Amino acid sequence: MTNNNIRIAYFSMEIALQPGMPTYAGGLGILAGDTLRSAADMNVPMVAISLLPRRGYFHQTLTDDGWQNETEANWVVEDFLKQTSTCIEVYIDGRPVIIRAWQYQLSGSGDSSVDIYFLDSDSEENSDYDRSLSHFLYGGDGHYRLCQEVILGIGGVRMLEAMGYSGLQRYHLNEGHSSLLILELREQRRRAGDDVDITESVRDLCVFTTHTPVPAGHDKFPLNEVSTVLGPDYSLLGCEDLFCFDNKLNMTYLALANSRYINGVAKKHSQLSRQMYAGYHIDSITNGVHAGTWVCEPMQQLYDQYIPGWRLDNASLRSALNIPCTPILQAHQAAKQALLETVNQHYNQPAKQMEIDIFTIGFARRATVYKRLGLLFSDIERLKSICAKFVRLQIVFAGKAHPNDQQGKLLIQKIIHLANNLNQHINIVFLPDYSINLAKLMVSGCDLWLNTPQPPLEASGTSGMKAALNGVPSLSTMDGWWLEGCLEGLTGWGIGNGESIAEKLTAQGSDQSQVEASLLYNKLEQIILPLYYQNQHGYLEVMRNAIALNGSYFNAERMLNQYIAKAYY
Ligand SMILES: *Cc1c(COP(=O)(O)O)cnc(C)c1O
């Protein structure tokens, strides 16, 4: 496809493409990568824009005392990306800043591909500060972030124009980091002197996906700083009342007020977003993951044998119901073996080796308070008694805390201390430096995927979808995608009903986490562990249903088809 055949520009602060490229921090970047992989598979005329983080997000190391340290994730950009010859300029704080673009050609399963451009300000013409804007993903202070968002939004639109992308009909803002592109699109039209309603014509181009109800996920910048950084060219267009509050520019409202189509990333999240942003029409497209990327090798072979063509027709995974249990078990045990090898290499005491026949729980996600990493340990005596009853339980943890999230780091430390203290009773490991590769090993190699976010704060969550595609059932609080994916006892198990029971509980003097922990223990003790150890066939049926009912639906192919139908055309 030539550049002027491309119709959709996808903007994302982070995009996860392959191991070795630290261009993502977590779920948002993984989702962007999976969306673009499906676009390449499906020959969708799309181009993507992101920022180049030369020193990456960070690598996590853990001290003996369980404290997270961060080291720069330096990488050789040239090994992965090709520098283009196009170069553009943006103004930051009144200075011209030269921006170049690095290209990544993402190939789909067929002949088609999607071009992704990483914008780079780290070249000699620029000041040290401006060069540093291409160093860190989610690093620095508010001013640093604002400058990065000028490059992403304003620079991104200019770069696409300079590269000859002349047929663009949609700009998809994957979260509000790229909202400044709206100002540049308006400027373009104003300069062109088109005789059109600028607000309406820009609005008709923009699609906005909001990804979290948590306030920290929504950028706000002081108005005086915004006008200094952007300079006089960008008046906020006389509609400040729509997206500026308390003298701050709110990037979420900027996108909301200027997009033709807006969506949340699961039904519940969209409903919550409609309450948070009254007056906007907010639709729902539930997230999905890229099947070909997240299914482990042994399961891929199984699907190739029983469901040929599943990679480009994910819905056909429904016929996983026809796969006999024995080959599912064999493929799963191979995946579990691969995970346990990694775990066992991590141990320096041979006595602690994890074993293939022991029920293994996986838990990996960003370490932050609402995800409640420690919920499983709310009542240690109860947990010990469950283990004593079944003798055998292993737990594999992973996840990074944001460098400034001290509470998140404390959570990690708490898990590591517990792992040491409980080692007579349960084998628990915390694997450092959660990444694409580790995620793939974990979501396929565990027997149960545990997720315990505090409702209603998990917008969607995607790791449980990856697990389902590998035949690994979830046990999760009722939030995000699991409200749609949980068929109790069929695809996995739910904890609680997702309603806030806070008021009822305050009256009883207990809190929601305690109640949910107790429900979690009940499910493990009375249903899941007996099924696993005493009715293997029954457990395998749940695994098979996870593939057939959830893998066939919670994938990026279905998700992108919904974006095409509802948002792009
Ligand atoms: C899938 C994935 C995530 C997001 O998982 P959630 O369940 O949405 O929290 C984060 N990091 C990595 C490396 C992943 O693979």
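First, a word on scope: everything that follows refers to the structure included in this document.

Rules and cut-offs
Residues numbered from 1 in each chain as written. Predicted model: local features only at pLDDT ≥ 70, side-chain atom pairs only at ≥ 80, totals over all residues. Heavy atoms only, no water. Patch = residues over 30% accessible without salt bridge, like charges linked within 9 Å, V, L, I, M, F, W, Y side chains within 5 Å. Areas by Shrake-Rupley, 256 points an atom, 1.4 Å probe, with all protein chains shown as cover. Salt bridge = Lys/Arg side-chain N within 4 Å of Asp/Glu carboxyl O. Helix = DSSP H or I, 4+ residues; strand = E, 2+ residues; numbered from the N terminus. Buried < 20%, exposed > 50% of the residue type's maximum accessible area, 1.4 Å probe, protein only. Pairing = 2+ DSSP bridges. Near = heavy atom within 4 Å. Polar contact = N/O pair within 3.5 Å; in protein donor to acceptor, adjacent residues only side chain to side chain. Domains from an automatic or database assignment. Axes fitted to C-alpha atoms, helices over the stretch in contact; angles between N-to-C directions. Parallel < 35°, antiparallel > 145°, perpendicular 65-115°, else oblique. Contact = heavy atoms within 4.5 Å. Nonpolar A, V, L, I, M, F, W, Y, C, P; charged D, E, K, R; others polar. Core = buried A, V, L, I, M, F, W, Y, C linked by side-chain atoms within 4.5 Å. Phe/Tyr/Trp six-rings, centres within 6.5 Å; stacked < 30°, edge-to-face > 60°. Lys NZ or Arg CZ within 6 Å of the ring centre and 35° of its normal. Expected span 1.5 Å × (residues − 1).

### Details of a nonpolar patch on the surface
No. 1: Taken together, Leu487, Leu490 and Leu549 make up a surface patch of nonpolar side chains, about 240 Å² in accessible area.
No. 2: By the secondary structure assignment, Leu549 is in helix H20 (residues 536-551).
No. 3: For Leu549, a relative accessible area of 37% puts it in the partly exposed group.

### What about the sheet that holds strand E12 (residues 248-250)?
No. 1: The three strands lie next to each other as E10-E12-E11, forming an open sheet whose pairing is antiparallel. Looking at which strands have only one partner, the edges of the open sheet turn out to be strand E10 (220-222) and strand E11 (244-245).
No. 2: Relative to E12, E10 runs antiparallel, the two being bridged by three bridges. Within the sheet, the bridge partner assigned to Phe221 lies in E12 and is Leu249.

### Describing the sheet that holds strand E6 (residues 95-107)
No. 1: A sheet is described by the order of its strands in space; here nine strands give the open sequence E5-E6-E7-E2-E1-E8-E9-E13-E14, paired in mixed fashion. Lying at the two open borders of the sheet, with one neighbouring strand each, are strand E5 (82-92) and strand E14 (283-284).
No. 2: Of the pairings in the sheet, the one linking strand E8 (residues 170-174) to strand E9 (residues 206-209) comprises four bridges and is parallel in character. From the neighbouring strand, Leu173 faces E9, where its bridge partner is Phe208.

### Thoughts on the environment of Gln337
No. 1: Residue position: Gln337 is located in helix H12 (residues 325-346).
No. 2: Taking the C-alpha atoms as reference points, Gln337 and Glu187, separated by 150 residues in sequence, lie 57 Å from one another.

### With respect to the site of the ligand
No. 1: Around the ligand, a shell composed of 14 residues is seen, among which Lys371, Ala439, Thr462, Ser463 and Lys466 lie nearest.
No. 2: Contact between the ligand and Lys371: an oxygen atom at 3.2 Å from a side-chain N or O atom of the residue.
No. 3: One nitrogen or oxygen atom from the main chain of Thr462 is found 2.9 Å from an oxygen atom belonging to the ligand.
No. 4: Coverage of the ligand by the protein amounts to 93% of the 390 Å² it exposes when considered alone.
No. 5: Elements supplying a minimum of two residues to the shell around the ligand: helix H1 (27-41), helix H15 (436-445) and helix H16 (463-469).
No. 6: The two domains that each donate at least three residues to the shell around the ligand are domain 1 (8-288 + 559-568) and domain 2 (291-553).

### Observations concerning the pattern of salt bridges
No. 1: The final tally for this structure, using the stated rule, is 25 salt bridges.
No. 2: As a salt-bridge pair, Arg55 and Glu72 come within 3.8 Å of each other at their nearest N and O atoms. Separated by 17 residues along the polypeptide, Arg55 in the loop between strand E2 (46-51) and strand E3 (59-62) and Glu72 in the loop between strand E4 (68-71) and E5 bring together distant segments of the chain.
No. 3: When the shortest N-O distance is used, the salt bridge between Lys267 and Glu484 registers 3.8 Å. Linking Lys267 in helix H9 (residues 267-276) with Glu484 in helix H17 (residues 482-485), this pair joins segments that are 217 residues apart in sequence.
No. 4: One network of salt bridges, with partners in common, ties together Arg158, Glu184, Glu187, Arg190 and Arg191.

### Considering the packing of helix H13 (residues 380-390) against helix H19 (residues 512-534)
No. 1: Relative orientation of the contacting elements H13 and H19 amounts to 10°, with a least axis distance of 11 Å. What the angle tells us is that H13 and H19 run roughly parallel. Listed contacts from H19 to Arg382, Leu383, Ile386, Lys389 and Phe390 of H13 are Ser518, Tyr521, Asn522, Glu525, Leu529, Pro530, Tyr533 and Gln534.
No. 2: Partitioning the contact of H13 with H19 into residue classes produces seven nonpolar, three polar and three charged.

### Some points on the nonpolar core
No. 1: Grouped together as the largest cluster of nonpolar side chains are 91 residues, with contacts concentrated most on Phe359, Phe377 and Leu524.
No. 2: No other element matches H19, which puts eight residues into this core.
No. 3: Two domains share this core, each providing at least three of its residues, namely domain 1 (8-288 + 559-568) and domain 2 (291-553).
No. 4: With residues up to four places along the chain from it excluded, the contact list for Phe377 reads Leu383, Ile395, Phe397, Ile415, Leu418, Leu422, Ile428 and Tyr521.
No. 5: By size, the runner-up hydrophobic cluster in this structure holds 63 residues, among which are Ile92, Leu119, Cys147 and Cys244.

### Overview of the packing of aromatic side chains
One pair of aromatic rings is described through two measures. These are the centre distance and the angle between the planes.
No. 1: In total, this model carries 21 aromatic pairs according to the counting rule given.
No. 2: Taken together, a centroid distance of 4.8 Å and an interplanar angle of 70° make the contact between Phe245 and Tyr253 edge-to-face.
No. 3: Given the relative accessible area of 36%, Phe245 is considered partly exposed.
No. 4: Classification of Tyr253 by relative accessible area gives buried; the value is 18%.
No. 5: Where Tyr253 meets Tyr277, the ring centres are 5.4 Å apart and the plane angle is 85°; that geometry is what we call edge-to-face. With Tyr253 in helix H8 (residues 251-257) and Tyr277 in the loop between H9 and E14, the pair connects residues that are 24 residues apart, well separated along the chain.
No. 6: Judged by its relative accessible area of 5%, Tyr277 is buried.
No. 7: Each residue in the set Phe359, Trp493, Tyr532, Tyr533 and Tyr539 is aromatic and connected to the rest through ring pairs, giving one cluster.
No. 8: Above the face of the Trp294 ring, Lys466 is positioned so that its terminal group lies 4.1 Å from the ring centre.
No. 9: One Lys or Arg, Arg558, reaches over the ring of Tyr553 and ends 4.3 Å from the middle of that ring.

### Some words on unusual backbone geometry
No. 1: Looking along the chain, the bond that leaves Pro455 and enters Pro456 is cis, with omega of 5°.
No. 2: A positive phi angle, close to 60°, is found at Asn247, a residue other than glycine.
No. 3: Looking at the element boundaries, Asn247 is found in the loop between E11 and E12.
No. 4: On the accessibility criterion, Asn247 (61% relative accessible area) is exposed.
No. 5: The phi dihedral of Arg372 is positive, around 50°, even though this residue is not glycine.
No. 6: Within the fold, Arg372 resides in the loop between strand E15 (360-364) and H13.
No. 7: What makes Arg372 buried here is its relative accessible area of 9%.

### Observations regarding H1
Within an α-helix, residues lying three or four positions from one another point in the same direction, as the helix has 3.6 residues per turn.
No. 1: When the terminal C-alpha atoms of H1 are compared, their 21 Å separation across 15 residues agrees well with the 21 Å that a helix rising 1.5 Å per residue should span.
No. 2: Of all 15 residues in H1, 14 are buried; the element is thus mostly enclosed.
No. 3: A positive backbone phi angle near 55° is found at Asn43, which sits one or two residues after H1.

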